[in-house]
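Reading the structure
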Amino acid sequence: MNAPVAAPVLSVRNAEKRFGAVHALKDVSFDARRGEVLALLGDNGAGKSTLVKCIAGVHALDAGEILLDGEAAALHSPAAARNAGIETVYQDLALFDNLTPAQNFYCGREISFPQWLPRGLRFMNSRAMDQEAADVIDRLKVRLPKFDAPVALMSGGQRQAIAVARATVFTRKLVMLDEPTAALGLRESHKVLDLIKQLRAEGNAVILITHNMEHVVELADRAVVLRQGRKVGELKPDRSNRQELVSMIVGAEA
Ligand SMILES: Nc1ncnc2c1ncn2[C@@H]1O[C@H](COP(=O)(O)OP(=O)(O)O)[C@@H](O)[C@H]1O
Ligand SMILES: [Mg+2]
């Protein structure tokens, strides 16, 4: 186990986000810690994906701040967030349809050589990339029709597995998974849960968005609940408070 007083790897402080008339995030504050799975819960439209995208550098907050390891972080782009050690599996699966799984894995951070040349002049190490991507996907036990086929030809579950696998390769600090099992069957879902456990055991902070309360109870060390953009609760989920959690999510006060 980690030291109980470990500094949070991520702190969101008083986050505000508006899209025109929609007030998507209202004064949201929470922490995420290494070695912990934090479930981010809420009904559709609660602001979960918006919060994830603000941390991932897709959207900028209107007010509030994001700290990484206690320091104000400038996450002005997805690349900046990735460089800061944050990996994201988006709900709307940001894969490139015309690329193979390996090409999707390494898009923007290809393994190239020789190291002493500037990036633009290097050769791509396609074999190393194919091999590493294949190893990880193999660990997921997801059957892909053809490893060198464009991902457009794959099912929702296969695509989701590739996106999760990609995040596990690159995470160094924090991984956020926005409904990663939504398109998956039972068997594939459990592989993804295993991968999440593995990421946690490796000392990453994990933020998991899911509507599956079984997964929350099985996996989450803590849950933060959003309702209409506001944080309405935080607790440690277990079998006994599952109903309380559901009430918080839907707004029927227990
Ligand atoms: N890019 C956007 N432009 C305008 N409105 C948005 C955008 N993204 C999200 N919203 C709105 O913000 C609110 C929160 O959405 P979202 O974060 O996707 O919720 P959740 O992921 O919890 O279902 C919703 O009302 C949604 O319609
Ligand atoms: Mg969402």
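Described below are features of the structure shown in this document. Computed from a prediction, not measured in an experiment: that's the story for all the values here.

What to know about the overall build of the protein
From N to C terminus, the protein includes 8 helices and 12 strands. Buried positions account for 42% of the 254 residues belonging to the protein.

Overview of the nonpolar core
Residues Leu38, Ala39, Leu40, Ile55, Val164, Val206 and Leu208 are the most contacted members of the largest nonpolar core, which totals 62 residues. Excluding residues that lie within four positions of it along the chain, Leu208 makes contacts with Val37, Ala39, Leu40, Leu177, Ile196, Leu219 and Ala220.

Regarding the environment of Pro8
Along the chain, Pro8 falls in the segment before strand 1 (10–19). A sequence separation of 26 residues divides Pro8 from Arg34, and the C-alpha atoms of the two residues are 7.1 Å apart. With sequence-adjacent residues up to four places away left out, Pro8 is seen in contact with Asp31, Ala32 and Arg33.

Some remarks on the site of ligand 1
Around ligand 1, a shell composed of Phe19, Val22, Ala24, Gly42, Asn44, Gly45, Ala46, Gly47, Lys48, Ser49 and Thr50 is seen. Looking at the shell around ligand 1 element by element, the count peaks at 3 residues for helix 1 (residues 48–55). Here the residues of the shell around ligand 1 are counted per class, giving 4 nonpolar, 6 polar and 1 charged.

Examining helix 5 (residues 156–170)
In this model helix 5 runs 22 Å from its N-terminal to its C-terminal C-alpha over 15 residues, within 8% of the 21 Å that 1.5 Å per residue would give. The buried fraction of helix 5 is high, at 11 of 15 residues. Buried within helix 5 we find Gln158, Arg159, Gln160, Ala161, Ile162, Ala163, Val164, Ala165, Arg166, Ala167 and Thr168.

A short note on unusual backbone geometry
The phi angle at Asp69 is positive, at roughly 50°, despite the residue not being glycine. In this fold, Asp69 is placed in the loop between strand 4 (63–68) and strand 5 (71–72). In this structure Asp69 comes out as partly exposed when scored by C-beta crowding, with 14 C-beta atoms within 10 Å. Phi at Gln228 takes a positive value of approximately 45°, unusual for a residue other than glycine. Relative to the helices and strands, Gln228 is located in the loop between strand 11 (222–227) and strand 12 (230–235).

Some thoughts on the packing of helix 5 against helix 6 (residues 186–201)
Put simply, helix 5 and helix 6 touch, their axes get as near as 11 Å, and they point 10° apart. One finds that helix 5 runs roughly parallel with respect to helix 6. On the side of helix 5, the interface is formed by Gly157, Ala161, Val164 and Thr168, while helix 6 contributes Glu188, Val192, Leu195 and Leu199. Residues that form the contact of helix 5 with helix 6 fall into these classes: 5 nonpolar, 2 polar and 1 charged.

The rules behind the values
- Residues numbered from 1 in each chain as written.
- Chains lettered and ligands numbered in written order.
- Predicted model: local features only at pLDDT ≥ 70, side-chain atom pairs only at ≥ 80, totals over all residues.
- Helix = DSSP H or I, 4+ residues; strand = E, 2+ residues; numbered from the N terminus.
- Buried ≥ 20, exposed ≤ 12 C-beta atoms within 10 Å, placed from the backbone.
- Core = buried A, V, L, I, M, F, W, Y, C linked by C-beta atoms within 7 Å.
- Contact = placed C-beta atoms within 7 Å.
- Near = placed C-beta within 6 Å.
- Nonpolar A, V, L, I, M, F, W, Y, C, P; charged D, E, K, R; others polar.
- Expected span 1.5 Å × (residues − 1).
- Axes fitted to C-alpha atoms, helices over the stretch in contact; angles between N-to-C directions.
- Parallel < 35°, antiparallel > 145°, perpendicular 65-115°, else oblique.

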